[in-house]
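Listed below, chain by chain, are the residues.
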Amino acid sequence: MSNPGAHNSNVIESFDQMVAVLAAGARPRPEWRIGTEHEKFGFVRPDAAMPDRRPWSSPPYAPQGIEALLRGLAAEEGGTRWEEIIDRDALIGLKGRRDAKGSSISLEPGGQFELSGAPLASLHETGSEMTRHFTAIRPICEDLGIGFAPLGFHPTARRSDIPWMPKSRYAIMRNYMPRVGTLGLDMMLRTCTVQVNLDFGSEADMARKMRVSLALQPVATALFASSPFYEGRPNGFLSNRARVWTDTDNARAGMPRRFLEDGFSFASYVDWLLDVPMYFVTRDDRLIDVAGSSFRGWLEGRCPPGLEGERPTIGDFEDHLTTAFPDVRLKQFLEMRGADAGTPAMMLAQSALWTGLLYDDATLHAAERLVLEHGWDEYIAIRGAVPRSGLDTPWGQGTLRALAARMIELATDGLRARNVRDAQGRDETCHLAPLYAIAAGGPTQAEAWLAAYHGRWQGDVTRIFAEAAV
């Protein structure tokens, strides 16, 4: 698994150059890897020495908050493990060195703290990477008086309660979002997700994996739902994060039908992407706000404001790739984007589910047959229903819980076929364990949180922070 490299200043002369950026991601099966990205909300602990911040509120960027955590991690192992990422003199992330090479730590707009994991050969390694990350941040957080909880939507904060991080692209998005949807600022400030990034072997393999994973993404949304609260109370949704994505910016998000149809290709994705409105262009390490402009128009000679005389480059196209947010995103790998952040075991189970479904040929064929039992419009339709009804969403003669159970069964087969074992001799199916009980009728994370709210918490949502803390 790889990312586009440093900013490429080669001027785009043909459509095929952009297609080639995606095609370069194809790699032989022995090189397929698993990359897991997970986000979490910060909170101020009740015992913190922060008189200007309420207990359980979002920590500030500085001085005693997110920036200090980044600096503490940057100093880990004598400063040899992480390289600082600076944006206009502000520390906004870390890039891994040595044993952390291929990973990075970044900030979402509201200070959500994200580990973008390295491309790893097994789910066992992914589990170890998660454990190391949480172990590394805990003592620093202890000193700062903050903690972190992975949940799909912030359970208590209003938009105005959350500080904005000093990252240039977020200022551009902050101004643009209210023009294209009602919930874009909520997406930026109040949501957390977990995603797994997976490789493909060829264009045909990519298209098959796209169809299967995009069609089934709403089932994953229901299975991993972990955001039933809004500003301190239940609001009728199990995944409020998924609801937010239904009205964030539908020109760049959702389940584009063309991704599911026969003939989908790298060229199809590029053709779709060219009509996704732009956010920014990078010149001389500075972001130029071109929000709403057309990349296709720029290619045809209609320069966005402020770029008169400039021609689009491959680097501009690679930047534009990162500003599209479909439920499964194609770059030089496929990103599964439908799940709420949750417990570490559930976040690892999300990676296990998709690895099992997509990385074994026989299982992928079986998953294709499963998906083709229904029409594409039916999958697109349930995307709007699952944020509220979750696994109880009607499907066929039953509910989505039955479809989720079939997915989990197939993923189990796929992981057994991989037969990748840890030091204790366990294969990767052990990482699906949290899903078996849910498929059998047990509560999802959201349903368990709601039961706690109506029971032992006695209506006090702030109790979730201590219980969800990592």
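Residues numbered from 1 in each chain as written. Predicted model: local features only at pLDDT ≥ 70, side-chain atom pairs only at ≥ 80, totals over all residues. Heavy atoms only, no water.

**Observations concerning the overall build of the chain**
Cut-off, in case you're wondering: Numbered from the N terminus, helices here are DSSP runs of H or I no shorter than four residues, and strands are runs of E no shorter than two. We compute the radius of gyration from the C-alpha atoms alone; for a globule the expected value is 2.2 Å times N to the 0.38, where N is the number of residues. For every residue, the accessible area obtained with a 1.4 Å probe (protein chains only) is divided by the maximum for its type, and the residue is called buried under 20%, exposed over 50%, and partly exposed between those limits. Two residues qualify as a contact provided that any one of their heavy atoms is within 4.5 Å of a heavy atom in the partner residue. Using a 1.4 Å probe, accessible areas were evaluated by the Shrake-Rupley method; residue-level cover was limited to the displayed protein chains. Note on charges: Lys and Arg go in the positive column, Asp and Glu in the negative column, and His and the chain ends are not counted at all. Note on charges: their place is set at NZ of Lys, CZ of Arg, CG of Asp or CD of Glu.
Broken down by element type, the chain carries 17 helices and 17 strands. By the compact-globule yardstick of 23 Å for 470 residues, the chain fits well, its C-alpha radius of gyration being 21 Å. Looking at the chain residue by residue over its 470 residues, the buried ones come to 61%. Once local pairs closer than 6 in sequence are excluded, the contacts in the chain between residues at least 24 apart make up 73%. Working note: accessible area of the chain is about 18,000 Å², and carbon and sulfur atoms make up 50% of it. Charged side chains of the chain number 51 positive and 60 negative; the gap between the two group centres comes to 3 Å.

**So, the nonpolar core**
Note on soluble globular proteins: their nonpolar side chains tend to be buried together. Here is the rule: Nine residue types can take part in a nonpolar core, namely buried Ala, Val, Leu, Ile, Met, Phe, Trp, Tyr and Cys, and a core is a set of them joined through side-chain atoms within 4.5 Å.
Counting 134 residues, the largest nonpolar core has Phe113, Leu353 and Trp354 as its most contacted members. The element contributing the most residues to this core is helix α6 (residues 203–223), with 11 residues.

**A closer look at the pattern of salt bridges**
What counts, and what does not: A pair is scored as a salt bridge if a Lys or Arg side-chain nitrogen falls within 4 Å of a carboxyl oxygen belonging to Asp or Glu.
Tallied over the full model, the rule gives 38 salt bridges. When the shortest N-O distance is used, the salt bridge between Arg158 and Asp161 registers 3.0 Å. When the shortest N-O distance is used, the salt bridge between Arg257 and Glu261 registers 2.7 Å. The class of Arg257 is partly exposed, set by a relative accessible area of 35%. On the basis of relative accessible area, Glu261 is assigned to the partly exposed category, the value being 32%. One salt-bridge network, in which partners are shared between bridges, spans Glu76, Glu77, Arg81, Arg98, Asp99 and Arg132.

**Description of the environment of Ala469**
If you trace the backbone, Ala469 turns up in the segment after α17 (463–468). Given a relative accessible area of 37%, Ala469 falls into the partly exposed group. If sequence neighbours within four positions are ignored, Ala469 has contacts with Phe43, Phe148 and Ala149.

**Observations regarding the packing of helix α12 (residues 361–371) against helix α14 (residues 400–418)**
Convention followed: Lines fitted to C-alpha atoms define the axes here, with helix axes fitted over just the stretch in contact, and angles between the N-to-C directions of these axes take values from 0 to 180 degrees. Each angle receives one of four descriptions, namely roughly parallel if under 35 degrees, roughly antiparallel if over 145, roughly perpendicular if within 65 to 115, and oblique otherwise. Crossing handedness is read from the near helix: turned anticlockwise from the far helix by less than a right angle, it gives a left-handed crossing, and turned clockwise, a right-handed one.
At their nearest, the axes of α12 and α14 sit 9 Å apart, and the two run at 165 degrees to each other. Considered as vectors, α12 and α14 are oriented roughly antiparallel to each other. Crossing hand, α12 versus α14: right-handed. Of the residues in α14, those in contact with Thr363, Ala366, Ala367 and Leu370 of α12 are Leu403, Arg406, Met407, Leu410, Asp413 and Gly414.

**Describing unusual backbone geometry**
Most of the time, phi is negative for any residue but glycine, and the peptide bond is trans. Of the consecutive residues Ala62 and Pro63, the connecting peptide bond is found in the cis state with omega at 0 degrees. Tracing the chain through its elements places Pro63 in the loop between β1 (34–44) and α2 (66–74). Notably, Asp89 is not glycine yet its phi reads approximately 75 degrees, a positive angle. Among the residues examined, Asp89 registers a relative accessible area of 76% and is labelled exposed. The phi angle at Arg98 is positive, at roughly 45 degrees, despite the residue not being glycine. With respect to the secondary-structure elements, Arg98 resides in the loop between β3 (90–96) and β4 (104–107).

**Concerning the packing of helix α1 (residues 15–23) against helix α10 (residues 314–321)**
The N-to-C vectors of α1 and α10 enclose an angle of 55 degrees; their axes lie 10 Å apart at closest approach. As summarised for this structure, α1 and α10 are arranged oblique, according to the angle between their axes. As α1 runs across α10, the sense of the crossing is right-handed. Judged by residue contacts, Gln17, Met18, Val21 and Leu22 of α1 engage Ile314, Phe317, Glu318 and Leu321 from α10.

**Topic: the side chain of Thr313**
Checked against the element boundaries, Thr313 lands in the loop between α9 (295–299) and α10. Once residues lying within four places of it in the same chain are set aside, the contact partners of Thr313 are His7, Asn8, Ser9, Asn10, Val11, Ile12 and Arg283.

**A look at helix α8 (residues 266–273)**
Defined as follows: Any pair of nitrogen or oxygen atoms within 3.5 Å is treated as a polar contact; in protein, a donor-acceptor pairing is required on top of that, and neighbouring residues in sequence qualify only through side-chain atoms on both sides.
With six of eight residues buried, α8 lies mostly within the body of the structure. The elements touched by buried residues of α8 are α1, α6, α10, β13 (325–326) and β14 (328–330). Two to three positions downstream of the cap, the backbone nitrogen of Ala267 sits 3.3 Å from a side-chain oxygen, assigning the N-cap of α8 to Ser265.

**Description of the packing of aromatic side chains**
Counted only if it meets this: Any pair of Phe, Tyr and Trp rings, taking the six-membered ring for Trp, is counted once the centres come within 6.5 Å. Such a pair is stacked with planes under 30 degrees apart, edge-to-face with planes over 60 apart, and tilted for the rest.
Applying the stated criterion across every chain, the model contains 21 aromatic pairs. Relative to Tyr269, the ring of Phe259 lies with its centre 5.3 Å away and its plane at 45 degrees, an arrangement referred to as tilted. With a gap of 10 residues between them, Phe259 in the loop between β10 (253–254) and α8 and Tyr269 in helix α8 connect regions that are remote in the sequence. There is no split in this pair, since Phe259 and Tyr269 are both buried.

**Points about α12**
Where α12 is concerned, the buried positions are Thr363, Leu364, Ala366, Ala367, Glu368, Leu370 and Val371. Contacts from the buried residues of α12 go to α6, α11 (344–358), α13 (376–389) and α14.

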